[in-house]
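Here are the chains, one letter per residue:
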Amino acid sequence: MKRTLMVFLGLAVLCTLALAAVPGAKPPQEVQPVVVEPGPEDEFVFEGMSFVNQEAFIKSGRRCGAPEIDEETAELIDMHVARIMEEHGLDVQPKANLGISIPVAFHVITSGTTGNLSTTVLDKQITVLNNAYAPWGISFYRASVDYTNNATWFAMAPGTTAERNAKNALCISPETTLNFYTANPGGGLLGWATFPWSLASSPKMDGVVILYTSFPNGTAAPYNEGDTATHEIGHWLGLYHTFQGGCKKTGDYVSDTAPEKSAAYGCPTGRDTCAGGGVDPIHNYMDYTDDSCMYQFTVGQSDRIMTMVTTYRPLLF
């Protein structure tokens, strides 16, 4: 038995040496593990919470907590904007440069040390915003930073007493400044924003609230490249979701974003949910796709921002 084993091992060694002597022969390659990315129907885990799949996460409402605007209200808002523009003799022309530089007042809310963000991280977020908006002549800069340790405010949700108390205490010059609150909203919500037409009636509530782990290099994958803020600030400047109104003609009130029946998630290339309208705008910052999938606004959205800022946030100019 031992002799048979020794003969077998000897033959194995000879075979290996013979293979190495063959010109052009390659040594055995180390097998690399195959990394399989989660698909759209796989379990989706976000910040420790488990969902059946990513669609379930999207439908839970956690992607964005900005208030829903019904069609009747949207029509009234657009009629009001048109009247204001006409009264002031203003005409919207497509522009490459709106010439708006927006100061950002960061309000970093923490629970003990949890949620603390350095100015380096805040500046990375500013860079993400400028990369997205600068092509349209909109830029942002860090004007101030304050830190508040308050566990209740840290977990605030839209419309709560905690939100109201935090904003009443921390808000800075909402007519001229973007108040940017970082927190850990209850229920895994990524963020929310106020629309510009709410500024006059509720100035201290104005601004955006963003999940602190969604900042660049945060842990809120796949929403951790900073574009939750890009998305919410789009609302703050007057943009709707690209799927606003579904396949209806008015849609999101922007003519050059294709109609979209429902929110997209992941990065579904070629998705087309409205017949005859073109492929869905999955790469638009105002959809619900992953941060890595988002990289564009449109000329029409830029025009809408100009009319909204002119009407409701004129002191930004």
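This report concerns the structure included in the present document. Since this is a predicted model, take the numbers as computed values, not measurements. (Residues numbered from 1 in each chain as written. Predicted model: local features only at pLDDT ≥ 70, side-chain atom pairs only at ≥ 80, totals over all residues. Heavy atoms only, no water.)

This part takes up the state of the cysteines. By the definition in use, this model includes two disulfides. Here C247 engages in a disulfide with C274; their sulfurs sit 2.0 Å apart. Between C247 and C274 the sulfur-sulfur dihedral comes to about -85°; the bridge is accordingly left-handed. Of this pair, C247 sits in the loop between helix 7 (227-236) and helix 8 (299-312) while C274 sits in the loop between helix 7 and helix 8; the two residues are 27 residues apart in sequence, bridging distant segments of the chain. (Disulfide = S-S within 2.5 Å. Helix = DSSP H or I, 4+ residues; strand = E, 2+ residues; numbered from the N terminus.)

Moving on, we come to the pattern of salt bridges. According to the stated counting rule, one finds nine salt bridges in the structure shown. Across the salt bridge formed by E71 and K248, the nearest N and O atoms sit 3.0 Å from each other. Placement of E71 in helix 3 (residues 71-87) and of K248 in the loop between helix 7 and helix 8 is noted, with a sequence separation of 177 residues between them. K248 sits in the partly exposed class, given a relative accessible area of 47%. The partner of R271 in a salt bridge is D280, with the nearest N and O atoms 3.0 Å apart. Accessibility classification places R271 together with D280 in one group, the buried group. Salt bridges linked by common partners bring E260, R271 and D280 together as one network. (Salt bridge = Lys/Arg side-chain N within 4 Å of Asp/Glu carboxyl O. Buried < 20%, exposed > 50% of the residue type's maximum accessible area, 1.4 Å probe, protein only.)

The periodicity of an α-helix, 3.6 residues per turn, causes residues three or four places apart in sequence to face the same way. For helix 3, built from 17 residues, the straight-helix expectation of 24 Å at 1.5 Å per residue is met to within 8% by its first-to-last C-alpha distance of 24 Å. Listed as buried for helix 3 are A74, I77, V81, I84 and M85. Projection of helix 3 onto a plane perpendicular to its axis shows the buried side chains occupying an angular sector of 100°, all on one side. Away from the buried face of helix 3 by more than 90 degrees, exposed residues E72, L76, M79, E86 and E87 are located. Where the residues of helix 3 are buried, they touch helix 8. Backbone nitrogen of E72 and a side-chain oxygen of the N-cap are separated by 3.1 Å at the start of helix 3; the cap is D70. Positioned one or two residues after helix 3, G89 has a phi angle of 65°, which is positive. (Expected span 1.5 Å × (residues − 1). Arc of directions from axis to C-beta. Contact = heavy atoms within 4.5 Å. Polar contact = N/O pair within 3.5 Å; in protein donor to acceptor, adjacent residues only side chain to side chain.)

It is worth spelling out the sheet that holds strand 6 (residues 191-193) at this point. In space, the five strands of this open sheet follow the order 4-3-5-7-6, with mixed pairing throughout. Among the strands making up the open sheet, the edge pair consists of strand 4 (138-149) and strand 6. Adjacent strand axes in the sheet meet at a mean angle of 20°, parallel and antiparallel pairs treated alike. Bridge analysis of strand 6 against strand 7 (residues 208-211) gives three bridges, and the strand direction is antiparallel. Paired with W192 across the bridge in strand 7 is V209. (Pairing = 2+ DSSP bridges. Axes fitted to C-alpha atoms, helices over the stretch in contact; angles between N-to-C directions.)

Below, the discussion takes up the packing of aromatic side chains. Across all of its chains, the model carries 18 aromatic pairs by this definition. Between F57 and Y223, the aromatic rings sit 5.8 Å apart at their centres with planes inclined by 20°, giving stacked as the arrangement. Here Y223 lies in the loop between strand 7 and helix 7 and F57 lies in helix 2 (residues 54-59), a separation of 166 residues in the sequence. Assessed through its relative accessible area of 0%, Y223 is described here as buried. Ring plane angle 65° and centroid distance 5.9 Å describe the contact between Y240 and Y253, whose orientation is recorded as edge-to-face. On the criterion of sequence distance, the pair formed by Y240 in the loop between helix 7 and helix 8 and Y253 in the loop between helix 7 and helix 8 is long-range, its members being 13 residues apart. When sorted by exposure, Y240 lands in the same class as Y253, which is buried. Grouped by ring-pair contacts, the aromatic residues F44, F46, F51, F57 and Y223 constitute a single cluster. (Phe/Tyr/Trp six-rings, centres within 6.5 Å; stacked < 30°, edge-to-face > 60°.)

What follows is about the pairing of strand 7. Because side chains alternate across strand 7, one face comprises the buried residues V208 and I210, and the other comprises V209 and L211, equally buried. Pairing of strand 5 (residues 178-183) with strand 7 involves four bridges; the strand directions are parallel. Note that in strand 7 the partner of Y181 across the bridge is V209.

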